[in-house]
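An overview of the molecular structure
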Amino acid sequence: MTHPTDAAQAAPITYATAGVDTEAGDKAVELMKDAVRATHGARVLGGVGGFAGLYDASFLTRYRRPLLATSTDGVGTKVAIAQALDVHHTIGFDLVGMVVDDIVVVGAEPLFMTDYIATGRVVPERIADVVRGIAEACSVAGTALVGGETAEHPGLLAPDEYDVAGAATGVVEADELLGPERVREGDVLVALASSGLHSNGYSLVRAVVRAAGWGLERHVDELGRTLGEELLEPTRVYASDCLAIARRAGVAGVHAFSHVTGGGLASNVARILPAGLVADVDRGGWTLPPVFSLVQRLGQVPWTDLEGTLNLGVGMVAVVAPEAVDGVLAQAAELGLPAWPLGAVRAVDDERDVVGAPGFVSGTKGVDGGAVRLTGSYRV
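Residues numbered from 1 in each chain as written. Predicted model: local features only at pLDDT ≥ 70, side-chain atom pairs only at ≥ 80, totals over all residues. Heavy atoms only, no water.

1. Here we look at the side chain of T235
- Inspection of the secondary structure puts T235 in the loop between α6 (227-231) and α7 (239-249).
- In this structure T235 comes out as buried when scored by relative accessible area, which is 2%.
- Excluding its chain neighbours within four sequence positions, the residues that come into contact with T235 are K78, F93, D94, G97, M98, S195, H198 and S199. (Helix = DSSP H or I, 4+ residues; strand = E, 2+ residues; numbered from the N terminus. Buried < 20%, exposed > 50% of the residue type's maximum accessible area, 1.4 Å probe, protein only. Contact = heavy atoms within 4.5 Å.)

2. Overview of the sheet that holds strand β10 (residues 254-259)
- Read across the open sheet, the 7 strands follow the order β10-β12-β7-β13-β11-β15-β14; overall the sheet is mixed. Each edge of the open sheet is held by one strand with a lone partner, namely β10 and β14 (360-362). Mean inter-strand twist for the sheet, computed between neighbouring axes without regard to direction, equals 25°.
- In this sheet, strand β15 (residues 371-375) lies alongside strand β11 (residues 277-282) in parallel orientation, the contact comprising 5 bridges. Across the sheet, residue D282 finds its bridge partner in β15, namely T375. (Pairing = 2+ DSSP bridges. Axes fitted to C-alpha atoms, helices over the stretch in contact; angles between N-to-C directions.)

3. Some words on the environment of L157
- Mapped onto the elements, L157 comes out in the loop between β5 (144-152) and β6 (162-173).
- By relative accessible area, L157 is classed as partly exposed at 23%.
- Along the primary structure L157 and T70 are separated by 87 residues, whereas in three dimensions their C-alpha atoms are 29 Å apart.
- If we ignore the near neighbours within four places in the chain, the residues touching L157 are A118, T119 and G120.

This is the structure in structure tokens:
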């Protein structure tokens, strides 16, 4: 007896005809493995391709009380720009920066990282470009890339679409932990410059570009390059620089860091201030890099919306004791990292620090902590 489906099925269905090419995945691993190995030191055991990455943590026995810090993140819709331009090696810096720089804010050294790439179709050279960028950024951060995964999702993602995510683990001595508990009235905020948009707010930026009808290949005089080149500028990876600054100044000098990501400057600084304290920030204290004023002007974006979405030229903020400011600025200069005094921390004034008042930001990201008061106008 003939099964009713036998006649209807003209050819056998294989994993490859279903859209998954395991051979392409193997080729991608071959293309990327040297870059991944370059991030491995003596603490990484095994090679590329194992089920799990192994990291020798025996050095932690030297710690009095080691605290492990962990973070995970992605790149967001910036990948759409990379896909449109067919440029994929810079995305790795965005991913690593988003992950390890969340760890370093507590003073933790990021030890190792893993990545995950989901794509509609594995193009070995493209996947290898992404991972090479991740590995290069891990080397800048002093972090081992100990493992990863590439998953082919035909039918869920278009053939040339992909998304990336990663996770990292770090360690800090308990009595060297940085954060709100160390911040005091009179502390000074020191801004560490961003390299551009980093990888937050791209849904807004892409909407502005789309509404203006601008192409990514358009040369923009005020940027000194094409729009696409500006939008793909890699995120600055701060981890090793922040650790160098913190170690030189010590925990008595550097009290906290704030990574300026989604939500903008004020909301992220407010997260690392204790309840009862406010940081005053003068918007006129620095000149906005051209890309931010371009986005605002091109899309007529309200300034309040812009500053609640983009970093506006400040990628990381250090909260330091007043007597440590000069040393922190000098160390940043030695590292080639533009930095400047951004504001100061004071006690809450119940008369002028009112929730809902223009420029007053508190209670962000679910944190019941301090606040930031923005005054003045931006210099463009």
